[in-house]
Amino acid sequence: MPKIEPTTLCYIERDDNYLMMHRVSKKNDINKDKWIGVGGHYEFGESPEECIKREIFEETGFDIALEDLEYRAMVTFVTEKGDYEHMSLFTCKAPSGEPKDCDEGKLEWVKKKDVFSLNLWEGDRIFFRLLEEKKEFFSLKLVYDDADNLAEAVLNGTKIK
């Protein structure tokens, strides 16, 4: 039985922009050359909110209050390679100032309308659309094949791909 990896991800918003990370810094990175939000793996004893608060601070220098984090979705990733991940997806408003440099990638403010032109995971495009549509909390299961192509997507128990 594969181990479930609990992770978090946040899209920080300012005006009509998301703070995006271009993953170009780490070697052997599953997200190499992709654009994603900030986040990461839980440390022992953390709740999803505590984990994303810590990750945001480590990666951007922004200190977001727990009550300012919007818990938007649970995303389950499954791959034919054997990966199994439960990702808590958040959004929040950015504080004033600019993010610090991050050793995991290059942080950049990207217009929300331009996000879909970036090199994103196919499943990320689905949850970006759902975030844009202001859906209530949702559960999304994304299944990728051995070549990292999206093979299946299930939204709140209903297959959508």
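Above this note sits the structure.
Residues numbered from 1 in each chain as written. Predicted model: local features only at pLDDT ≥ 70, side-chain atom pairs only at ≥ 80, totals over all residues. Heavy atoms only, no water.

**Here's the deal with the nonpolar core**
Among the nonpolar cores identified, the biggest contains 28 residues, and Y11, M20, V75, L89, F127, F138 and L142 are the most heavily contacted of them. Those elements that provide at least two residues to this core are strand 1 (5–14), strand 2 (17–22), strand 3 (35–36), strand 5 (70–79), strand 6 (84–93), helix 2 (122–132), strand 8 (138–144) and strand 9 (150–155). Sort the elements by how many residues they give to this core and helix 2 lands first, with 5 residues. With residues up to four places along the chain from it excluded, the contact list for V75 reads E85, H86, M87, L89, F127, L140 and L142. Membership of the second largest hydrophobic core comes to 15 residues, among which are L69, A94, C102 and L107. (Core = buried A, V, L, I, M, F, W, Y, C linked by side-chain atoms within 4.5 Å. Buried < 20%, exposed > 50% of the residue type's maximum accessible area, 1.4 Å probe, protein only. Helix = DSSP H or I, 4+ residues; strand = E, 2+ residues; numbered from the N terminus. Contact = heavy atoms within 4.5 Å.)

**Details of the side chain of T76**
Within the secondary structure, T76 sits in strand 5. We classify T76 as buried; its relative accessible area is 13%.

**Some details on the packing of aromatic side chains**
What the rule picks out here adds up to 9 aromatic pairs. Ring centres of F127 and F128 lie 6.1 Å apart, and the angle between their planes is 35°; this geometry places the pair in the tilted category. Stacked on the ring of W121, the Lys or Arg K34 has its end atom at 4.7 Å from the ring centre. Sitting over the ring of Y18, K112 keeps its end group 4.9 Å from the ring centre. (Phe/Tyr/Trp six-rings, centres within 6.5 Å; stacked < 30°, edge-to-face > 60°. Lys NZ or Arg CZ within 6 Å of the ring centre and 35° of its normal.)

**Considerations on the environment of C102**
By secondary structure assignment, the location of C102 is in the loop between strand 6 and strand 7 (106–111). As for C102 and M21, which are separated by 81 residues in sequence, their C-alpha atoms are 8.8 Å apart. Excluding anything up to four places from it in sequence, C102 contacts M21, E59 and L107.

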